[in-house]
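# A look at the structure
Here is how the chains run, residue by residue.
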Amino acid sequence: MIKIFRKIRQRLLTDNKFSKYLLYAIGEIVLVIIGILIALNINNKSEISKNESKFIFNLIQVSNELKANIENTTKGINKYQKIDSLLGSVMSDTLEVTDFKTSEGYYLGNILVRGFTSTISNNSFRKLNSINYNLDESYNSIIFKLDSVYLIREKQLLQWDGRITSLRYENERELTKSQPWYYYYLKDDMINDEGATFFLNDSFYKNNIAEYYKLSRNHLMRIKQYRLHAIEAYKDINLSLIHI
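I will try to describe carefully the structure that is included in this document. Everything numeric in this text was worked out from a predicted model, so none of it was measured.

## Describing the packing of aromatic side chains
Scanning all chains against the criterion turns up 12 aromatic pairs. Seen in terms of ring centroids, Phe55 and Tyr139 are 5.1 Å apart; in terms of plane orientation they differ by 70 degrees. Their pairing is edge-to-face. Of this pair, Phe55 sits in helix α2 (residues 18-91) while Tyr139 sits in the loop between α4 (123-130) and α5 (140-178); the two residues are 84 residues apart in sequence, bridging distant segments of the chain. Neither Phe55 nor Tyr139 differs from the other in exposure class; each is buried. Arranged with centres 4.9 Å apart and planes meeting at 50 degrees, the rings of Phe199 and Tyr205 form a pair that is tilted. Each member of the pair, Phe199 together with Tyr205, is buried.

## Regarding helix α7 (residues 193-201)
All buried positions along α7 are accounted for by Gly195, Ala196, Phe198, Phe199 and Leu200. On its buried face, α7 is in contact with α3 (105-109), α5 and α8 (203-242). Capping of α7 at its N-terminal end is provided by Asn192; its side-chain oxygen lies 3.2 Å from the backbone amide nitrogen of Glu194.

## Digging into the environment of Thr102
Along the polypeptide, Thr102 turns up in the loop between α2 and α3. Look at Thr102 and you get partly exposed, because its relative accessible area is 41%. Spatially, the C-alpha atoms of Thr102 and Met190 are 9.0 Å apart, while their sequence positions differ by 88 residues.

## Some points on the packing of α5 against α8
With their axes 9 Å apart at the nearest point, α5 and α8 run at an angle of 155 degrees to one another. Here α5 lies roughly antiparallel to α8, going by the angle between them. Considering the relative orientation of α5 and α8, their crossing is left-handed. Tallied by class, residues from the contact of α5 with α8 come to 14 nonpolar, 10 polar and 10 charged.

## Quick notes on the pattern of salt bridges
Taken as a whole and assessed by the stated rule, the structure comprises three salt bridges. Across the salt bridge formed by Asp84 and Arg217, the nearest N and O atoms sit 2.5 Å from each other. A residue pair is termed long-range when its members are at least 10 positions apart, and Asp84 in helix α2 and Arg217 in helix α8 qualify at 133 residues. A relative accessible area of 26% means that Arg217 is categorised as partly exposed. Asp93 is the partner of Lys206 in a salt bridge, and the nearest nitrogen-oxygen pair spans 2.9 Å. Taken together, the positions of Lys206 in helix α8 and Asp93 in the loop between α2 and α3 put the pair 113 residues apart, joining distant regions of the chain. By relative accessible area, Lys206 is classed as partly exposed at 30%.

## Describing the packing of α4 against α5
Two elements in contact, α4 and α5, have axes whose closest approach is 11 Å; the angle formed by their N-to-C orientations is 125 degrees. When the axis of α4 is compared with that of α5, the two are oblique. For α4 against α5, the interelement crossing comes out left-handed. Facing α4, whose interface residues are Phe125, Leu128 and Asn129, α5 presents Leu146, Asp147, Tyr150 and Leu151. Among the residues forming the contact of α4 with α5, the class breakdown is five nonpolar, one polar and one charged.

Rules behind the numbers
Residues take numbers from 1 onward in each chain, read along the sequence in its written order. In keeping with the model being predicted, local features are shown solely for residues with a pLDDT of at least 70 and side-chain atom pairs are shown and tallied solely at 80 or more, while totals for entire chains, interfaces and linings include all residues. Excluding hydrogens and water, the side-chain values take into account all heavy atoms of the structure. The pairing test for Phe, Tyr and Trp rings, Trp by its six-membered ring, is centres within 6.5 Å, and the orientation test on the planes gives stacked under 30 degrees, edge-to-face over 60, and tilted for anything in between. A run of H or I in DSSP counts as a helix once it spans at least four residues, and a run of E counts as a strand once it spans at least two, with each numbered from the N terminus. Buried, partly exposed and exposed residues are distinguished by accessible area as a fraction of the type maximum, computed with a 1.4 Å probe on protein chains only: under 20%, between the cut-offs, and over 50%, respectively. Contacts are residue-level and defined by heavy atoms, with any inter-residue pair within 4.5 Å sufficient. A 3.5 Å cut-off defines polar contacts: any pair of N or O atoms within that distance qualifies, except that in protein one atom must be a possible hydrogen donor and the other a possible acceptor, and neighbouring residues in sequence count only when both atoms are side-chain atoms. The axes used here are C-alpha line fits, helices contributing only the stretch in contact, and every angle between their N-to-C directions lies in the interval 0 to 180 degrees. Throughout, the term roughly parallel applies to angles under 35 degrees, roughly antiparallel to angles over 145, roughly perpendicular to angles from 65 to 115, and oblique to all others. Here a crossing is taken to be left-handed if its near helix is turned anticlockwise relative to the far helix by less than a right angle, and right-handed if that turn runs clockwise. Under the grouping applied here, Gly and all other residues not named as nonpolar or charged are polar, the nonpolar ones being Ala, Val, Leu, Ile, Met, Phe, Trp, Tyr, Cys and Pro and the charged ones Asp, Glu, Lys and Arg. In the sections that follow, a salt bridge refers to a side-chain nitrogen of Lys or Arg positioned within 4 Å of a carboxyl oxygen of Asp or Glu.

Put into structure tokens, the structure is as follows:
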């Protein structure tokens, strides 16, 4: 093809047909430009395809990560249901010393130092978010939901994790320093009469129970909110992967 163009160009120059040669030269330039544009378009599509494949691979990892996080927060909700039952018993003012002598009595006593700490992973999302993808707009909805889960809901959950954990440690330090019988409670996993009387009648202890209950309600709410948004994002990701 190049030889044909060269022969045409030489014949036009030989015949001294400059105007026709000029038109021919312009046409040749246009053809070269079109060829370059086609090549760039093919290369761009290839690059987009590579980016999309990389995005999908990392999206699958995020899906697995979300599944594990959902399972973890489900455990947290279940644990708080048990704690709520114990809190309700203590706050009802219907317990007696003998109630603390049962197998459940130990857990009634240490209610203020029990709780749930979320084990939330975000490594896969961070990796997904660190790559500059050139993607179709159809992925925007998924990206938006992931941002909501990891950048908003996770932050709120971890903040309340910190608050409830600090309160639990503070409660344990207070009991350790102020109640001599607490040593035997920790050592033998049993509550003596002095400890049971304290749990039943001490007004400051009951104040701590009320504070813990209030904060634990907020913590549980953040766990549920995170879990709800994580489930929505997880479903959308897997639905999107099915149609790829």
